[in-house]
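# Survey of secondary and tertiary structure
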Amino acid sequence: VQAVFIRHLEKSGWPISGRLSNADVFDKLVAPKLLESGRRVAYLLIDAMRYELGVELAKHLNEAGQVEVQVACAQMPTVTQVGMATLLPGAGQSFKLLNKENQVVPTLGDQQLTSVAQRMDVLQKRYGQRFAEMDLVRFVRDNLKIESTVELLVIRSNDMDNDFEANPEAAPGLISRTFQKIRSAIYKLRDLGFQDVIIVTDHGFFLNTAIEPGDICTKPSGKWINVHERTLLGDGIGDASNLVLPSEMYGIKGDFNQVAVPRALVAYRAGQWYFHGGISLQEAIVPV
């Protein structure tokens, strides 16, 4: 399946034409609801929720109200800093990746977006007292006051990504814990008078606990910046193991001419059980 997907990508590029892009989710699905005065919208940013998990989560939420799952194309490279930044207003038009001293820096217009605080500041500047944000655990656990002026509440969780990075063997068993928190949050939001909850994610992931010592991709020749062991940004030449294309073919604007990714479901470093950052159905197709 990965080989077929890569062949389509080589021909048609990314994101998929006619499909929703994560970079357009806020402007298409969230912003229009906020034009209605008094309408309260919760925007849940859940790190590393691949598509199948979104489908499974929807089953857990059926009792809470009407649930719809849409397919979206994650922004390349499929890492948290990039993915979370593209879930902000205007990302479809203004998002770029800049090269600052050999570091990949996500930006929206002139603003660098390398931290949670910087990303939340974008929403604070746009919505003022209509905006508030907090961590999922705090929202569920603590009896926090949400001001009546708040019409956009952002709730964040990186529990799943942290669990997989720390202990990929045990992490699948912990997913239900995050699902339960989301479910509790939905009921709490309903009691607070929120009419809409939009659940999004930055990227998916690939998990292979049966990885072999030879499961690794050798980097192509060229000058590259390595992003999370699954994507290279810079200049170089493709080969049998690596797909090298112009950045625009991957939907990437900014300072980098080319992007290289392994053609297979392997990383640029050995021993990677859990990974994301590259392009595969598992990493780049996400639920909304």
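Structure shown above.
No experiment lies behind these values; they were computed from the predicted model shown. (Residues numbered from 1 in each chain as written. Predicted model: local features only at pLDDT ≥ 70, side-chain atom pairs only at ≥ 80, totals over all residues. Heavy atoms only, no water.)

## A word on the sheet that holds strand β8 (residues 152-157)
The condition is simple: For two strands to be treated as a pair, DSSP must find no fewer than two bridges joining them. Working definition: helices are DSSP H or I runs of at least four residues, strands are E runs of at least two. Numbering for both runs from the N terminus. Axis geometry follows a simple rule: fit a line to the C-alpha atoms, using only the stretch in contact for helices, then measure angles between N-to-C directions, giving values from 0 to 180 degrees.
Taken in spatial order, the four strands of this open sheet run β7-β8-β2-β9, and their pairing is parallel. Each edge of the open sheet is held by one strand with a lone partner, namely β7 (131-135) and β9 (196-200). On average, adjacent strands in this sheet sit at an angle of 20° to one another, irrespective of strand direction. In the sheet, β7 pairs with β8 via five bridges, with the strands oriented parallel. Bridge pairing in β8 links Ala-132 to Leu-153.

## Some words on the environment of Ile-146
Stated formally: In this description, contact between two residues means that some pair of their heavy atoms is separated by no more than 4.5 Å.
Along the polypeptide, Ile-146 turns up in the loop between α7 (136-141) and β8. Residues Ile-146 and Ala-267, spaced 121 residues apart in sequence, show a C-alpha to C-alpha distance of 43 Å. Apart from the residues lying within four places of it in its own chain, the contact partners of Ile-146 are Arg-40, Met-134, Leu-153, Leu-192 and Phe-194.

## Here's the deal with helix α9 (residues 175-191)
Where we set the bar: By definition here, a helix of n residues has an expected span of 1.5 Å times n minus one. Exposure classes here rest on a 1.4 Å probe applied to the protein chains alone. A residue is buried below 20% of its type maximum, exposed above 50%, and partly exposed in between. To be clear, the arc concerns the directions from the helix axis to the C-beta atoms.
For α9, which comprises 17 residues, the first-to-last C-alpha distance of 25 Å matches the rise-based estimate of 24 Å (1.5 Å per residue) to within 8%. Residues of α9 that are buried include every one of Ile-175, Thr-178, Phe-179, Ile-182, Ala-185, Ile-186 and Leu-189, and no others. Each buried residue of α9 sits inside an arc of 120° when the element is viewed along its axis, so together they form one side. Residues of α9 that are buried sit in contact with β2 (41-46), α3 (51-60), α7, β8, α8 (159-166) and β9. At the C-terminal side of α9, Gly-193 shows a positive phi close to 90°.

Scope: geometric values only; no functional claims are made or implied.
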